[in-house]
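Commentary on secondary and tertiary structure
One-letter residues, chain by chain:
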Amino acid sequence: MNYLRKLIKPESSLLWIIAIVCIIFSIMSPVFSKASNLLEILRQCSTSAILILGVTWVISTGEMDASFPDIAALSSMITALLIRNGYSFEISALLAIALCTLFGVLTSILVVRFKFQSLIATIAVSGIAKAIAAIIGKGMPLNVSNIRGSIVYNLVWGKVAGIPMLFLVAVILYVICVFIQEKTVFGQHIYAIGENRQAAKEAGISEKKILSSLFIFSALFAAIGGVIMMGVLQSGQPKLGSSFFLDGFTAVFLGAVVIKLGKPNVIGTLIGSILLAILVNGLTLLGSSSFMSQIIKGALLLLGVAIVNIARNKQRGKVGKLSYE
């Protein structure tokens with residue numbers, strides 16, 4: 001009986017949705033349930049899962065980061081530019097990641113030191129990253145052709161025991177972050193800040209250090225995601241950000257239904273990323289337009305945000321009360 005109760009708890013709802021969606025797509029398209037397609041779904045979800053990993057913790061503190069998609073786009077463009085100028089894929093990727101992580105440093109300075117609202121600060125940083133990405137390629141993608149055999153290329157397209165290597169890497173990163181989130185003082189401080197900043201401050205938690213670290217982490221993972229996308233598409237994409245903006249926030253907020261109800265968490269983000277990849281893959285097999293998947297993602301984002309807000313209001317004892325202040 002206790003096991004059954006756990007299965008029907010709200011925290012398990014996203015897993016049930018994934019199961020139901022998979023059954024529906026399998027019935028409507030026999031191709032969907034083939035092992036090759038399911039493994040491709042895992043590979044496809046890995047890029048976005050890595051790219052938005054750092055955003056999860058930013059949002060869990062009550063802040064926002066709108067810059068991650070364009071930082072990823074810039075990272076892909078810098079990587080492609082360096083490769084075209086004779087650098088190896090590995091060196092190009094490391095330089096791109098290092099340079100793009102500096103945007104996280106810039107954001108942290110704006111938010112922590114100069115007290116900018118995080119949404120405004122990250123929109124500004126996003127605009128700068130987008131402009132630089134456009135300047136690099138004069139608004140056009142930068143194609144590369146000599147990346148086969150590189151470590152990054154093998155990471156993107158390689159397999160271990162039939163499982164996409166990229167998915168295994170994503171799982172390893174998430175396991176590490178789950179440990180940090182659940183078993184370290186740093187992880188406890190992240191959620192303490194998100195729940196009650198004044199109480200966290202009185203407890204001696206350094207809000208400035210935590211927030212600075214999180215914005216830098218967010219830029220770091222976005223940059224890594226951009227490099228991976230460069231390997232997938234074999235080109236730098238200056239407009240890459242537009243395709244990940246909605247996906248990122250949807251996965252993070254929808255993931256707040258899992259494990260920690262109403263709280264964005266890394267396990268939930270991974271599961272949310274898998275759900276979105278399943279939806280896109282299934283709808284594509286059924287011949288649906290991309291607009292339909294955008295509508296569904298938008299609806300899921302609204303659902304996730306609503307759940308987070310309800311949970312936070314409940315924690316503050318304000319359920320059922322409307323405030324017009």
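Everything below is about the structure shown above.
1. Section: the layout of surface pockets
- Approximately 690 Å³ is the volume attributed to the largest pocket.
- In terms of lining, the largest pocket is formed by 28 residues, of which the most central are Q44, F244, D247, V280 and K297.
- For the lining of the largest pocket, the secondary structure elements donating two or more residues are α3 (35-51), α12 (207-233), α13 (241-254), α14 (266-285) and α15 (290-315).
- When residues of the lining of the largest pocket are assigned to their parent elements, the largest contribution, seven residues, is made by α14.
- The residue inventory of the lining of the largest pocket, partitioned by class, reads twelve nonpolar, 13 polar and three charged.
- Its volume calculated, the second largest pocket comes out at about 210 Å³.
- In this structure, the second largest pocket is lined by E63, V111, V112, K115, F116, Q117, S118, R197, E207, K208 and L211.
- Breaking the lining of the second largest pocket down by element, the ones donating at least two residues are α6 (89-113) and α12.

2. Some thoughts on the nonpolar core
- Ranked by size, the top nonpolar core spans 89 residues in total, and within it F89 and I278 carry the most contacts.
- Of the residues forming this core, the biggest block, twelve residues, is contributed by α12.
- Apart from residues no more than four positions distant in its own chain, F89 is found in contact with T79, I83, I147, S150, V152, Y153, V227, M230 and G231.

3. Examining unusual backbone geometry
- We note that K138 has phi near 55°; this positive angle belongs to a residue other than glycine.
- By the secondary structure assignment, K138 is in the loop between α7 (118-137) and β1 (142-143).
- On the basis of relative accessibility, which here comes to 79%, the residue K138 falls in the exposed class.
- With phi around 55°, Q234 is a residue other than glycine that occupies positive phi space.
- Within the secondary structure layout, Q234 lies in the loop between α12 and β4 (235-236).
- Given the relative accessible area of 23%, Q234 is considered partly exposed.

4. A word on the environment of I151
- Tracing the backbone shows I151 in helix α8 (residues 151-157).
- With 120 residues separating them along the chain, I151 and V31 place their C-alpha atoms 31 Å apart.

5. Brief notes about the side chain of S150
- Residue position: S150 is located in the loop between β1 and α8.
- Contacts of S150, omitting those with residues within four sequence positions, involve F89 and E90.

6. Some words on the packing of helix α5 (residues 68-84) against α6
- Packing of α5 against α6 leaves a shortest axis separation of 8 Å and a crossing angle of 145°. Judged by the twist between their axes, the crossing of α5 over α6 is right-handed. Packed against α5, whose contacting residues are I71, L74, S75, I78, T79, L82 and I83, the element α6 presents F89, S92, A93, L95, A96, L99, C100 and F103 at the interface.
- Residue composition of the contact of α5 with α6, by class: twelve nonpolar, three polar and no charged.

7. Here we look at α3
- Taking 1.5 Å as the rise per residue, α3 with 17 residues should run 24 Å; its terminal C-alpha atoms sit 25 Å apart, in good agreement.
- Listed in full, the buried residues belonging to α3 are N37, I41, L42, R43, C45, S46, T47, S48, A49, I50 and L51.

8. Topic: the packing of aromatic side chains
- As enumerated under the stated definition, the model contains five aromatic pairs in all.
- Summarising the aromatic geometry, the rings of F68 and F249 are spaced 5.5 Å apart at their centres and angled 75° between planes, so their arrangement reads as edge-to-face. Residue F68 is located in helix α5, and its partner F249 is located in helix α13; the two are separated by 181 residues in the primary sequence.
- Considering the side-chain rings of F245 and F249, the 5.0 Å spacing of their centres and the 75° angle between planes classify their relative orientation as edge-to-face. In this pair, F245 and F249 are both assigned in helix α13, four residues apart and thus about one turn of the helix distant.
- What links up through ring pairs into an aromatic cluster is the set W57, F186 and F217.

9. Focus: the environment of A66
- Within the secondary structure, A66 sits in the loop between α4 (53-60) and α5.
- Expressed as a C-alpha distance, the spacing of A66 and E195, which sit 129 residues apart in the sequence, is 21 Å.
- Once residues lying within four places of it in the same chain are set aside, the contact partners of A66 are L119, T122, I123, S126, F245 and F249.

10. Description of the packing of helix α2 (residues 13-28) against α14
- The N-to-C vectors of α2 and α14 enclose an angle of 15°; their axes lie 10 Å apart at closest approach. By the angle class used here, α2 and α14 are roughly parallel. In terms of crossing hand, the pair formed by α2 and α14 is left-handed. Contacts between α2 and α14 involve L14, L15, I17, I18, V21, C22 and F25 on the former and, on the latter, I271, G272, L275, I278, L279, G282 and L283.

11. Some words on a nonpolar patch on the surface
- Taken together, the side chains of W16, I20, I23, I24, I27, M28 and L286 define a hydrophobic patch exposed on the protein surface, amounting to about 710 Å² of accessible area.
- Tracing the chain through its elements places W16 in helix α2.
- Since its relative accessible area comes to 44%, W16 is described here as partly exposed.

Cut-offs and rules
- Residues numbered from 1 in each chain as written.
- Predicted model: local features only at pLDDT ≥ 70, side-chain atom pairs only at ≥ 80, totals over all residues.
- Heavy atoms only, no water.
- 1 Å grid on protein atoms, 1.4 Å probe; cavity = no way out; pocket = protein on both sides within 12 Å on 5 of 7 lines; lining within 4 Å.
- Points joined across faces, edges and corners; volume = space filled by probe spheres on them.
- Helix = DSSP H or I, 4+ residues; strand = E, 2+ residues; numbered from the N terminus.
- Nonpolar A, V, L, I, M, F, W, Y, C, P; charged D, E, K, R; others polar.
- Core = buried A, V, L, I, M, F, W, Y, C linked by side-chain atoms within 4.5 Å.
- Buried < 20%, exposed > 50% of the residue type's maximum accessible area, 1.4 Å probe, protein only.
- Contact = heavy atoms within 4.5 Å.
- Axes fitted to C-alpha atoms, helices over the stretch in contact; angles between N-to-C directions.
- Left-handed = near helix turned anticlockwise from the far one by under 90°.
- Expected span 1.5 Å × (residues − 1).
- Phe/Tyr/Trp six-rings, centres within 6.5 Å; stacked < 30°, edge-to-face > 60°.
- Parallel < 35°, antiparallel > 145°, perpendicular 65-115°, else oblique.
- Patch = residues over 30% accessible without salt bridge, like charges linked within 9 Å, V, L, I, M, F, W, Y side chains within 5 Å.
- Areas by Shrake-Rupley, 256 points an atom, 1.4 Å probe, with all protein chains shown as cover.
- Salt bridge = Lys/Arg side-chain N within 4 Å of Asp/Glu carboxyl O.

Purely spatial values, then, with no claim about function.
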